[in-house]
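Architecture at a glance
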Amino acid sequence: DSGVTQTPKHLITATGQRVTLRCSPRSGDLSVYWYQQSLDQGLQFLIQYYNGEERAKGNILERFSAQQFPDLHSELNLSSLELGDSALYFCASSVTLRGTGELFFGEGSRLTVL
Amino acid sequence: AQSVTQPDIHITVSEGASLELRCNYSYGATPYLFWYVQSPGQGLQLLLKYFSGDTLVQGIKGFEAEFKRSQSSFNLRKPSVHWSDAAEYFCAVGADSLNDMRFGAGTRLTVKP
């Protein structure tokens, strides 16, 4: 058990819809990372928050947004969903701001867009 | 820009045989290097990491990796593979100058009985 909790584990929705994925980081970790894993793109970095502030952005689409709340949990919002958004979305947390420390991964939220 | 290449998409080895998974990175300064393992239906788990010092690092589950600066490589090895090692393995690189960690495409390991 990594200590990182992601909900929901599975989600099936239709094109054009909006979903919210939730992540609770490990106790004491201030950094939260979101990654998208798909068969054709591998593990892609989306966005990072540190203590409530956005600190790094990767290949995140404009239809996607995220935030980190005062209690350090984070949400990833995906809107106007397309078939190609079907993927496994991972949240990871870390003590450090920089990508130099161990990342602790949740078990992922599998999104299926029909 | 920092990047990670794992040349082998899929490797099959027999149980008890030795294993080497390749990883090459591109980064100007000394990188922070990691190997993660992902079992089916699970998140990624850290196997080992290299920051500095001894270039041969030991990890969990009997894995080790060697940092070779001249070859920009950080290959993962195990002397004798067990059936439970079947999983996807990811090499990753981080840096002091960047917040995110970059992952390779992964190598899927199949273990034959």
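Reading the values: rules and limits
Residues numbered from 1 in each chain as written. Chains lettered and ligands numbered in written order. Predicted model: local features only at pLDDT ≥ 70, side-chain atom pairs only at ≥ 80, totals over all residues. Heavy atoms only, no water. Helix = DSSP H or I, 4+ residues; strand = E, 2+ residues; numbered from the N terminus. Rg over C-alpha atoms; globule rule 2.2 N^0.38 Å. Buried < 20%, exposed > 50% of the residue type's maximum accessible area, 1.4 Å probe, protein only. Contact = heavy atoms within 4.5 Å. Areas by Shrake-Rupley, 256 points an atom, 1.4 Å probe, with all protein chains shown as cover. Lys, Arg positive; Asp, Glu negative; His and termini not counted. Charge placed at Lys NZ, Arg CZ, Asp CG, Glu CD. Phe/Tyr/Trp six-rings, centres within 6.5 Å; stacked < 30°, edge-to-face > 60°. Lys NZ or Arg CZ within 6 Å of the ring centre and 35° of its normal. Core = buried A, V, L, I, M, F, W, Y, C linked by side-chain atoms within 4.5 Å.

Thoughts on the overall build of chain A
Assigned secondary structure in chain A consists of 0 helices and 11 strands. The order of α-helices and β-strands along chain A, N terminus first, is β-β-β-β-β-β-β-β-β-β-β. At 13 Å, chain A has a C-alpha radius of gyration in line with the 13 Å of a compact globule built from 114 residues. Taken across its 114 residues, chain A has 52% of its residues classed as buried. Sequence separation of 24 or more characterises 55% of the internal contacts of chain A that already satisfy a separation of 6 or more. Of the roughly 5,400 Å² of accessible surface on chain A, a fraction of 47% belongs to carbon and sulfur atoms. Charge-centre separation for chain A: the mean point of 9 positive side chains lies 1 Å from the mean point of 12 negative side chains.

Observations concerning the packing of aromatic side chains
All told, the structure shown has 17 aromatic pairs over all chains when counted by the stated rule. Geometrically, the ring pair formed by Phe 64 of chain A and Tyr 89 of chain A is edge-to-face, given 6.4 Å between the ring centres and 75° between the ring planes. In this pair, Phe 64 of chain A is assigned in strand S7 (residues 64-68) and Tyr 89 of chain A in strand S9 (residues 87-94), connecting sequence segments 25 residues apart. One exposure class covers both Phe 64 of chain A and Tyr 89 of chain A, and it is buried. Between the aromatic rings of Phe 90 of chain A and Phe 105 of chain A, the centroid separation amounts to 6.0 Å while the plane-to-plane angle is 85°, which identifies the pairing as edge-to-face. Note that Phe 90 of chain A is positioned in strand S9 and Phe 105 of chain A in strand S10 (residues 104-105), a separation of 15 residues in sequence. One aromatic cluster is present, formed by Tyr 33, Tyr 35, Phe 45, Phe 90 and Phe 105 of chain A together with Tyr 32, Phe 34, Tyr 36, Phe 51 and Phe 103 of chain B through successive ring pairs. One cation-aromatic arrangement involves Arg 26 of chain A over Phe 104 of chain A; the distance from NZ or CZ to the ring centre is 3.6 Å.

Observations regarding the nonpolar core
Counting 26 residues, the largest nonpolar core has Leu 19, Trp 35, Leu 47, Leu 48, Phe 74, Leu 76 and Tyr 89 of chain B as the members making the most contacts within it. Where this core is concerned, the elements lending two or more residues are strand S2 (10-14), strand S3 (19-21), strand S5 (32-38), strand S6 (44-50), strand S8 (64-68), strand S9 (73-78), strand S10 (87-94) and strand S12 (107-112) of chain B. Among the elements that take part in this core, S10 of chain B stands out by supplying 4 residues, more than any other. Apart from the residues lying within four places of it in its own chain, the contact partners of Leu 19 of chain B are Ile 11, Val 13, Phe 63, Leu 76, Arg 77, Lys 78, Val 81 and Leu 109 of chain B. Listed in part, the 21 residues of the second largest apolar core include Ile 47, Ile 60, Leu 78 and Cys 91 of chain A.

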